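In case you want the letters, here they are:
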Amino acid sequence: MIRAGAASVDITPAAGLHLAGFAARTMPATGTHDPLTARAIVVEDTAVVVLDVIGLHEDMTARIRQRSPLPDDRIIVAATHTHGAPVSMKGRLGRTSDPAFLQHIEDGAVEALRLAYANRRPATIAAGMGGDSAVAWNRRHVDGPLDRSVPMIRIRDADGRYIAVMASYACHPVVLAADNLLMTADYPFYVRQALETAHPGAVALFLTGCAGDANTGHTAQASWTLAANSARTFATAQRLGERIAAAALEAGEQAATDIVRAAHRELELALTRLEAAPLPVLAARWRLEQQTAEPVRATLLRHWIEWAERNRDVVPGTWRARVSLLDWGGIPIVAMPGEIFSETGLSVRSACGGRPAFVLAYAEGTPGYIPPRSEFAFGGYEVDEAHRFIGMPGTFAPGSAEALAEAAHSLLRERHLTAQPVA
């Protein structure tokens, strides 16, 4: 048997901080719908910890790993990517972050890892692939690619009691729109609630897959409004979250071995500028447009102007990425940074040899969208504009997503996780 433990720590701040993720939303949070958490599973000397925030700066993820009781090269630190939590990254997302909240979530992640490590006891792991929940839609292309996989892990102690369950799905947690001012994990809250009800005593983790172009059925532009939408409510989040949980509960149980391993790759990704004019020229154009723009558009243009002025003399340069792999007894958990599109996620999943693999995004840093080469011809918010709001000096250059996928493929090959799954 292996040893495993799990823990959940509340990281919900008091009301009053600005929620991240929607440029249109300018009012602070008025309260809490469901608690924001940091949740961890430790298996031997490896771990996954996931926080209910839109993203984590890579400097913070490094500190969390370094402060944990585990070797810092054997931990995956991820975000659910909910748009219902306060700004969680310094210098990103178009708003000033609150230093006390940043320290609070970092400490919460470290505490969740510490508790999960301290709670380790003899355990077994079983995994399987759930059904198709039919929740996600490709928001950029009709009939575009989607990773519909719902992998599921169940961890029990020597007496058969549940320690933890872990599920994943590739869909933006943005059921709630810009009009929502309550802190929330969005649909992952309901996934976890249903899984914990079905597995008494377990701590449930939900991890967001490669959902850069996948949500519940609206375009990115649909969130540039403060108008209420009858399809984007907590009732909808509950219905969809419970549907994803039901798909996870269909998963069978393939016993894992007692071999636990970890590895990672670091690589430099190039940033580039796709803007057709010099930044001072664009800033002047946007100022002129701002004078007659309706309020939400004017707010977006303000972010763009600030971005252009801040980066007018900045060379886009490179960003250092980390791709991580945990092997829990033949079950791969692959984690990539940023907002990864379905095409890239499916490429990595196809390399996992039919195993009930977890292919994650929003891990080890969230610097924005990292589109595959195929998407640059279509442009749009995720390719042409999002880096301005997020605060990166440029968009990720063509080939960046493919480099991340190849790093993942290499890790899987070296650990012999591309062959047939364990029996």
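These figures come from a predicted structure and were not determined experimentally. (Residues numbered from 1 in each chain as written. Predicted model: local features only at pLDDT ≥ 70, side-chain atom pairs only at ≥ 80, totals over all residues. Heavy atoms only, no water.)

Draft legend 1. Broad picture of the pairing of strand S1 (residues 2-10). Of the pairings in the sheet, the one linking S1 to strand S6 (residues 121-129) comprises three bridges and is antiparallel in character. Paired with Ala4 across the bridge in S6 is Arg121. (Pairing = 2+ DSSP bridges. Helix = DSSP H or I, 4+ residues; strand = E, 2+ residues; numbered from the N terminus.)

Draft legend 2. Main features of the side chain of Thr216. Within the secondary structure, Thr216 is located in the loop between strand S12 (214-215) and helix H4 (234-249). On the accessibility criterion, Thr216 (18% relative accessible area) is buried. Ignoring any residue separated from it by four or fewer positions in sequence, one finds Thr216 in contact with Val135, Trp137, Cys171, Val175 and Leu240. (Buried < 20%, exposed > 50% of the residue type's maximum accessible area, 1.4 Å probe, protein only. Contact = heavy atoms within 4.5 Å.)

Draft legend 3. The arrangement of helix H6 (residues 295-311) in detail. In this model, H6 (17 residues) spans 24 Å end to end at C-alpha, consistent with the 24 Å of a helix rising 1.5 Å per residue. All of the buried residues in H6 are Val296, Ala298, Thr299, Leu300, Leu301, His303, Trp304, Ile305, Trp307, Ala308 and Asn311. In this structure, the buried residues of H6 make contact with helix H5 (279-290) and helix H8 (381-390). With a side-chain oxygen positioned 3.1 Å from the backbone nitrogen of Val296, the residue opening H6 is Glu294. (Expected span 1.5 Å × (residues − 1). Polar contact = N/O pair within 3.5 Å; in protein donor to acceptor, adjacent residues only side chain to side chain.)

Draft legend 4. Molecular detail of helix H2 (residues 99-118). The end-to-end C-alpha separation of H2 is 28 Å, in line with the 28 Å expected for 20 residues at 1.5 Å each. For H2, the full list of buried residues reads Phe101, Leu102, Ile105, Glu106, Gly108, Ala109, Val110, Ala112, Leu113 and Ala116.

Draft legend 5. Expanded view of the pattern of salt bridges. A full pass over the atoms with the stated rule returns 30 salt bridges. Measuring nitrogen to oxygen at the nearest pair gives 2.9 Å for the salt bridge that ties Arg320 to Glu266. Of this pair, Arg320 sits in strand S15 (residues 318-328) while Glu266 sits in strand S14 (residues 260-272), and the two are 54 residues apart along the sequence. Using a relative accessible area of 43% as the deciding quantity, one classes Arg320 as partly exposed. For Glu266, a relative accessible area of 39% gives the class partly exposed. In this structure, the salt-bridge partner of Arg320 is Glu268, at a minimum N-O distance of 2.7 Å. Linking Arg320 in strand S15 with Glu268 in strand S14, this pair joins segments that are 52 residues apart in sequence. One salt-bridge network, held together by shared partners, links Arg63, Arg67, Glu106 and Asp107. (Salt bridge = Lys/Arg side-chain N within 4 Å of Asp/Glu carboxyl O.)

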